[in-house]
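Here are the chains, one letter per residue:
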Amino acid sequence: MIHLAAGNILFKTGSHQAAITLRGSCSFEGGILTGMIGANGAGKTTFLKILAGLQSPERGQVILNDRRLADLSPQQKAEAIAYLPQDRRIQWPVKACDLIALGRLRYGRSLNRLNQQDSHAIAHAVETTKTGDLLDRSMDSLSGGEQARILLARALAVDAPILLADEPLAALDPGYAMQIMEVLSQEAQKGRIVVVALHDLTLAARYCDRLLLWHRGEIVADGKPETVLTQEWLEQCYHIKAISQNYRGHWLVTPYDRVDS
Ligand SMILES: Nc1ncnc2c1ncn2[C@@H]1O[C@H](COP(=O)(O)OP(=O)(O)OP(=O)(O)O)[C@@H](O)[C@H]1O
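Residues numbered from 1 in each chain as written. Predicted model: local features only at pLDDT ≥ 70, side-chain atom pairs only at ≥ 80, totals over all residues. Heavy atoms only, no water.

Considerations on the pairing of strand β11 (residues 240–247)
Then step 1. In this sheet, strand β12 (residues 250–258) lies alongside β11 in antiparallel orientation, the contact comprising eight bridges. Note that in β12 the partner of Ile243 across the bridge is Thr254.
Then step 2. Where β11 folds back onto β12 in an antiparallel hairpin, the turn is made up of two residues, including Arg248, whose phi is positive at roughly 50°. (Pairing = 2+ DSSP bridges. Helix = DSSP H or I, 4+ residues; strand = E, 2+ residues; numbered from the N terminus.)

Re the nonpolar core
Then step 1. Core analysis: the largest hydrophobic core is formed by 56 residues, its most contacted members being Leu33, Ile37, Met139, Met181 and Leu184.
Then step 2. Counting residues per element, this core draws most heavily on helix α5 (residues 144–157), which supplies eight residues.
Then step 3. Residues in contact with Met139, not counting those within four places in the same chain, are Ile90, Trp92, Val94, Ala96, Leu99, Gln147, Ile150 and Leu151.
Then step 4. Judged by nonpolar contacts, the second largest core, of 30 residues, contains Ile2, Phe11, Cys26 and Ala52. (Core = buried A, V, L, I, M, F, W, Y, C linked by side-chain atoms within 4.5 Å. Buried < 20%, exposed > 50% of the residue type's maximum accessible area, 1.4 Å probe, protein only. Contact = heavy atoms within 4.5 Å.)

Notes on α5
Then step 1. Between the first and last C-alpha of α5 there are 20 Å, a value that for 14 residues agrees with the 20 Å anticipated at 1.5 Å per step.
Then step 2. Within the span of α5, buried status applies to Gly145, Gln147, Ala148, Arg149, Ile150, Leu151, Leu152, Ala153, Ala155, Leu156 and Ala157.
Then step 3. Residues of α5 that are buried make contact with β6 (81–84), α3 (96–101), α4 (116–129), β7 (162–166) and α6 (174–189).
Then step 4. In the stretch just after α5, Asp159 is the one whose phi turns positive, near 60°. (Expected span 1.5 Å × (residues − 1).)

Considering the packing of aromatic side chains
Then step 1. One pass over the full model with this rule turns up one aromatic pair.
Then step 2. In this structure, Arg149 packs its charged tip against the face of Tyr176, placed 3.7 Å from the ring centre.
Then step 3. Note that Arg206 overlies the ring of Tyr207, its terminal NZ or CZ placed 4.5 Å from the centroid. (Phe/Tyr/Trp six-rings, centres within 6.5 Å; stacked < 30°, edge-to-face > 60°. Lys NZ or Arg CZ within 6 Å of the ring centre and 35° of its normal.)

Spelled out as structure tokens, the structure:
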């Protein structure tokens, strides 16, 4: 079973007024879809980058299956972790199918020498993201939502045991957003660690097994959606009120009003 843990992390994010000090420990097991939620600037992206080994904390460390992430080679990290960054607007005329295939480069193969395993992983990623009709299109001709789906397909094509996705639902319409959450949930059910930063609390509550709530650089709540998305936390962290209800076995959260801070 894959295991990823971040212990006693301390990280200062720059020196401007909005900068924060990120502190926290948490661990992740395969088979669970974890949503990271929290207001803008709370620390979600920074923490995902630390988990992905793209930022080095000033204190603390990330451990992947008993080994320090910092001690792994770039190749080993690339084989273990697929990372979908938040900033992902593609302005260059690469074909969508080639961009997805880039997910296989970690195996040291060039795009024109993909083997059967590569083709299988790419076909699976295309099928699960329903991007087959976009493959021949140039990335710079796609809408923001279409690009987002292709980039998620590239991350899935890596076929890594850990998938870290930073706001994969940004720019997606409600139907595709739900489809992507279903895909992420299925990937977790296969035994992967899937951690996803989200702003849509309704979908976070509906699909995630576990939520981590970030507030000013710290995890203030960690647990099942119904224990994290309480009125108190929503007011304190987002300054909102929400209707929470159980509907056909699903915990639904609908923000409806702002609370003056
Ligand atoms: N490279 C950087 N240099 C300076 N400050 C940074 C840098 N990256 C992030 N920060 C600051 O660190 C804080 C946390 O940022 P982070 O992107 O982790 O938040 P977030 O929870 O992902 O926010 P959002 O929901 O808006 O994406 C913010 O105040 C941000 O301005």
